[in-house]
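Next come the chains, spelled out residue by residue.
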Amino acid sequence: MNWDETGPETDQRLVDSGTDGEEQAVEAALRPKDLDEFVGQEKVREQLDLVLRAARARGATADHVLLSGAPGLGKTTLSMIIAAEMNAPIRISSGPAIQHAGDLAAILSSLQEGEVFFLDEIHRMSRPAEEMLYMAMEDYRVDVIVGKGPGATAIPLELPPFTLVGATTRAGLLPPPLRDRFGFTAHMEFYEPSELERVIHRSARLLDVEIDTEGAAEIAGRSRGTPRIANRLLRRVRDYAQVKADGFIVRDIARAALKVYEVDHRGLDRLDRAVLIALLKLFGGGPVGLSTLAVAVGEERETVEEVAEPFLVREGLLARTPRGRVATPAAWAHLGLVPPQQGQGGSGQPGLFRA
């Protein structure tokens, strides 16, 4: 229901919070159209509703909005809702697509008054374009450079008032001058299982899928707190129910389907479990270096660090330490293994955690 930008992997995992082109079309049909339909993010919705209502009452353009948070939590959806609530058109681009100031100037100069400009992955925009954006956001003006060298001339170009909605998964990479120009900043939190159940029931209605409360709860508990993943799992469970059962999703059907797709009760998939198994069985729970761990699971270092580890750390199954990666007692318990005595790691060094 509420989704956004792509993740670091290009080959889609079932529990990856990114999305590809084919899935974007499916998501578009499930996206809520206004704030009342949007599930979760209660504080953000309340604050944003006040901002938009006040702007409409004044007959003014809404303040610039910065949305930060992990992929799949609803940043793109909220940007579209902002445009809908303001009854304004929306222009969509992304930071990596704007590598030159001229690229940004071309977009800004073609905006209509009150238009919403959604800039995804804003932290990946080039520095020259970023500096041009400062003036555009604050003064609604850009300077277009004509010519080169000593004969270059700056031509000021006035812009109509517009609303910039920036989305980022790494707010810390935004320079302070850019962050300070946003009138409203919101951080998107991971969803509670009860909120994901509401997402699943709503999506099931739109997809014409029959599902009971326990079936929705089973899917929600494996969705990593992310609506995009919840909807993806729902579609795969739907497929299983249509082929293996009568199409109605109950708890047993959801469990059986997700077992086929190797998503366990905590939302870990094959890659996540491979990392934990290598860490526990080959290295006694650590500490072990990232490169060594990546070789042990047959994956690239970046894949382990950016794809598997964030969720494992958030679940309290793995810790990143100066000495390397270390498994927590919860990791041993999750895989049903017994940790070494007295917290000894596989190298004979004392572990960070004791059972």
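From a predicted model like this one, the values you see are computed outputs, not experimental measurements. (Residues numbered from 1 in each chain as written. Predicted model: local features only at pLDDT ≥ 70, side-chain atom pairs only at ≥ 80, totals over all residues. Heavy atoms only, no water.)

1. Some details on the sheet that holds strand β7 (residues 184-187)
Line of reasoning, step 1. Within the open sheet, the 5 strands sit side by side as β2-β3-β6-β1-β7. Their pairing is parallel. Of all the strands in the sheet, just β2 (90-94) and β7 have a single pairing partner and so form its edges. Direction aside, the axes of adjacent strands within the sheet are offset by 15 degrees on average.
Line of reasoning, step 2. Alignment of β2 against strand β3 (residues 116-120), held across 5 bridges, turns out to be parallel. (Pairing = 2+ DSSP bridges. Helix = DSSP H or I, 4+ residues; strand = E, 2+ residues; numbered from the N terminus. Axes fitted to C-alpha atoms, helices over the stretch in contact; angles between N-to-C directions.)

2. Side note on unusual backbone geometry
Line of reasoning, step 1. Residue Glu-121 is not a glycine yet carries a positive backbone phi of 50 degrees.
Line of reasoning, step 2. For Glu-121, the position within the fold is in the loop between β3 and α5 (127-139).
Line of reasoning, step 3. The class of Glu-121 is buried, set by a relative accessible area of 14%.
Line of reasoning, step 4. Positioned with a positive phi, Glu-262 is a non-glycine residue whose angle comes to about 60 degrees.
Line of reasoning, step 5. With respect to the element layout, Glu-262 can be found in the loop between α10 (251-260) and α11 (270-282). (Buried < 20%, exposed > 50% of the residue type's maximum accessible area, 1.4 Å probe, protein only.)

3. Focus: the side chain of His-123
Line of reasoning, step 1. Its place among the elements puts His-123 in the loop between β3 and α5.
Line of reasoning, step 2. Within the local environment of His-123, its side chain forms a polar contact with the side chain of Thr-168, the two groups lying 2.8 Å apart. (Polar contact = N/O pair within 3.5 Å; in protein donor to acceptor, adjacent residues only side chain to side chain.)

4. Brief notes about the packing of helix α8 (residues 213-220) against α10
Relative orientation and spacing of two packed helices are given, respectively, by the angle between their axes and the distance between those axes.
Line of reasoning, step 1. Between α8 and α10, the shortest axis-to-axis distance is 7 Å and the interhelical angle comes to 30 degrees. The angle between α8 and α10 falls in the class roughly parallel. Packed against α8, whose contacting residues are Glu-214, Gly-215, Ala-217, Glu-218 and Ile-219, the element α10 presents Arg-251, Ala-254 and Arg-255 at the interface.
Line of reasoning, step 2. Looking at the contact of α8 with α10 residue by residue, the class counts come to 3 nonpolar, 1 polar and 4 charged. (Parallel < 35°, antiparallel > 145°, perpendicular 65-115°, else oblique. Contact = heavy atoms within 4.5 Å. Nonpolar A, V, L, I, M, F, W, Y, C, P; charged D, E, K, R; others polar.)

5. With respect to the confidence of the model for the protein
Line of reasoning, step 1. For the protein, the mean per-residue pLDDT works out to 83, and 86% of the residues sit at or above 70.
Line of reasoning, step 2. When the criterion is pLDDT under 50, residues 1-11 qualifies, and its contacts beyond four places in sequence or with other chains add up to 64 contacts. (pLDDT = per-residue confidence, 0-100.)

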